[in-house]
Amino acid sequence: MSRENILHKVRTALGRSAGQPPSPPPPVRLRVPIVDTERRIATMTMRIEALAGKTWRVATARDACALASQFIEGKAAVASNAPYLAECGIVNLPGVRTGIRNVEELRTLCAAADVGITSADYALSDTGTLVMIASPAEARLVSLLPTMHLAIVPKERILTSLDELFTLLPRPADQTSSMVLITGPSRTADIEQILVRGVHGPGQIGVIIVG
Amino acid sequence: MSVEFDQKIHSTLADANLQLAIYTATGRLKEKRIEAVAPDVLPDYQELRTQANALKKHAIENLDYYLEEFERNVVAHGGKVVYCKDATEVADFVLGLAKEKDARLIVKSKSMTTEEVDLNERLEHHGLESVETDLGEYILQLAHEKPYHIVAPALHKTRYDVAEIFEKRLNVPNEVVIEKQTAIARAVLREKFLEADIGISGANFLVADSGAVVIIENEGNARLTTTAPKVHIAVAGIEKVIPRAQDVATFLKLLARSATGQLLSVYSSFLSGPRRPGEIDGPEEFYVVLVDNGRTKLLPDKGKRQSLYCIRCGACLNTCPVYRKIGGHSFPWVYSGPIGAIITPQFMGVTHEPALPFASSLCGACGEVCPVKIDIPKVLLDLRSDVKKTEAREKQNRLERLAYKVFAWVMTHPRIYEFAGRLAASVAPSGDGGWIRSVPAPMNVPPVRAWLSERDLPPPPSKSFREMWRRR
């Protein structure tokens, strides 16, 4: 509606002309420290638990599957289409619905599910964060609608921090319509500053670190 | 000071419960911020602030370039960008789209920009249901109130207030346990999310190099708003654009720490365009509404344009000794606290509430805690100067208006006019038939003196035209 008008006002105010290139931007500031895997895992675990999340460390994909099966026993679960979950065998566990490509079906299932199981494209140890990139393998709703989110993450995917993530992915939007960083369970403190978990997203979060 | 401003301040100061609520909540947020940016926890805090300031300064100085780059990239990812100059245009765009999609229910996540333009009221006026989904905003929408605080909108409400509001507006039993109140809201809003036709969000950052909208939140309501409905509209001020996705790292490290003392907020979403081929869920249509609504008025002044760097963390509110006494609703517009005191006069004009830039002790705390280093006290001083200049100009205007009124009255009353003429002739220096070169004593007042200092007048005739006419 007012595109030309607004851009014209901006240019006039700044003394710029149409198509004029920008002045040189400040250099990008990303610092990636060298931290060994074990320390990353230790920090990751500490951070997630500080946010009332649960963490487990298992040696193999099989172990992860066994742990997950105990966890979801008697519950309704939806698993994402992540190849790593298939590799673990989680998609074959009883009570787990997976392989869904229809959005309506996914929505109905996730809304009714107790547990949403995903992998994660990356994790950030410094903040206890899961990085979820929407793709045919990972739908957005699996980590959002169920009351609990269980993520199974191979240890190689644990980065140190935001800086390392943005060094690897300088422009995440090139590859996905949605990248979400998840740091702990959904929470609010809107009434009297009292912390309540699970207001809209999952109130519980569990991370199984494999390897 | 306007009567309204004065009254609101006094009623807030007189309410002991409210005073306690404001003081406790802001005090807690303030302490958490201090812990989260302490040198042992975040050694490069000051460097990050400097970087954030440099990035914002750069983005604003090249705003037109980055807006166009952002737009190109949104379009490349299948989204659409709409520029709106004011509240009416924002509402018209949303209403038009709602009509096109035959939409009735809209879910909204927190956005100060939509508060600015009263979007909910405008949509509801046209028969649409527009539901706020952030818990605090939802409570306020049910109570028909405006946010009290940028980050903690319902800071002034107790659990008992919430119990009453829910009972009255949602027809649920009176429930005072906060966990259960939250569960009630979750259940009601969950249905809204799943039924909604359109989701409207705000944006914390617009990333030019990726065409991405970055949304930061804790509850998950923004994720639901931007994922569940078929249409997502992000509404953002034009000043939110930053050059590169990599720059978001700097801001993310500062924003949550400054706002609530968290290392990161629970959800940071980078959204660009609608669902892509192969992706399973997400909206089918993606719009970004870029709003001016007064922002371009701030750009010409190199000193004051830094007000546009604000990332809405609320740290300046929590630390401000004035906000902590007079609260959020005393402020005349949606933005409260020190940032409100510098934004409001620039968006609405300094005469909107001339006392606002003076409602500060200039202690400097706001400038010290600002994660993007806005020199709020300096801008407050500049605005005080603007207020005084405007007042002086108006005072002068008043005198001038009075003089013209008297002139008009004399000119429309023939007898008075005639009398004034005789009076002027009688006081004018007479005798030599020459020009009047000095100011007659009774008229020796500054404006007349100034006018006559450069002019000579012919002597008044012995008889006026009227006298001659009568004696003809």
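What counts as what
Residues numbered from 1 in each chain as written. Chains lettered and ligands numbered in written order. Predicted model: local features only at pLDDT ≥ 70, side-chain atom pairs only at ≥ 80, totals over all residues. Helix = DSSP H or I, 4+ residues; strand = E, 2+ residues; numbered from the N terminus. Buried ≥ 20, exposed ≤ 12 C-beta atoms within 10 Å, placed from the backbone. Contact = placed C-beta atoms within 7 Å. Nonpolar A, V, L, I, M, F, W, Y, C, P; charged D, E, K, R; others polar. Domains from an automatic or database assignment. Axes fitted to C-alpha atoms, helices over the stretch in contact; angles between N-to-C directions. Left-handed = near helix turned anticlockwise from the far one by under 90°. Expected span 1.5 Å × (residues − 1). Arc of directions from axis to C-beta.

### Thoughts on the overall build of chain A
Part 1 of the argument: Helix and strand counts for chain A come out as 6 helices and 12 strands.
Part 2 of the argument: Sorting the 211 residues of chain A into buried and exposed places 52% on the buried side.
Part 3 of the argument: At a minimum sequence separation of 6, the contacts of chain A that also span at least 24 residues come to 73%.

### So, the interface of chain A and chain B
By convention, interface size is frequently given as the accessible area that disappears when the constituent parts associate.
Part 1 of the argument: Listed as interface residues are 62 residues of chain A and, on the opposing side, 78 residues of chain B.
Part 2 of the argument: Sorting the residues of the side of chain A that touches chain B by element identifies helix H1 (3–14), helix H5 (103–112), helix H6 (162–168), strand E9 (178–182) and strand E10 (187–188) of chain A as the ones contributing at least two each.
Part 3 of the argument: When residues in the side of chain A that touches chain B are grouped by element, the largest group, 9 residues, is from H1(A).
Part 4 of the argument: Looking at the side of chain A that touches chain B residue by residue, the classes come out as 33 nonpolar, 15 polar and 14 charged.

### Things to note about the domain arrangement of chain B
Part 1 of the argument: Entries for chain B in the domain assignment read domain 1 (37–307) and domain 2 (429–470).
Part 2 of the argument: Using C-alpha coordinates to define each centre, domain 1 of chain B is positioned 69 Å away from domain 2 of chain B.

### Considering the packing of helix H9 (residues 159–170) of chain B against helix H10 (residues 178–195) of chain B
Residue and element names in this part refer to chain B.
Part 1 of the argument: Their axes nearest at 10 Å, the elements H9 and H10 cross at an angle of 35°. By crossing handedness, the relation of H9 to H10 is classed as left-handed. Between H9 and H10, the contacting residues are Arg 159, Val 162, Ala 163, Phe 166 and Leu 170 on the first element and Ile 178, Gln 181, Ile 184 and Val 188 on the second.

### Points about helix H5 (residues 87–100) of chain B
Residues and elements named next belong to chain B.
Part 1 of the argument: Spanning 14 residues, H5 covers 20 Å between terminal C-alpha atoms, matching the ideal 20 Å at 1.5 Å per step.
Part 2 of the argument: Three or more residues of H5 are buried, namely Val 90, Ala 91, Val 94 and Ala 98. Along the long axis of H5, the arc covered by the buried residues comes to 95°, so they all point the same way. For H5, exposure combined with an orientation more than 90 degrees from the buried face picks out Thr 88, Gly 96, Lys 99 and Glu 100.
Part 3 of the argument: Residues of H5 that are buried sit in contact with strand E1 (80–84), helix H7 (119–125), strand E4 (198–201), strand E7 (231–237) and strand E10 (285–291).
Part 4 of the argument: Phi turns positive one or two residues past the end of H5, at Asp 102, with a value near 55°.

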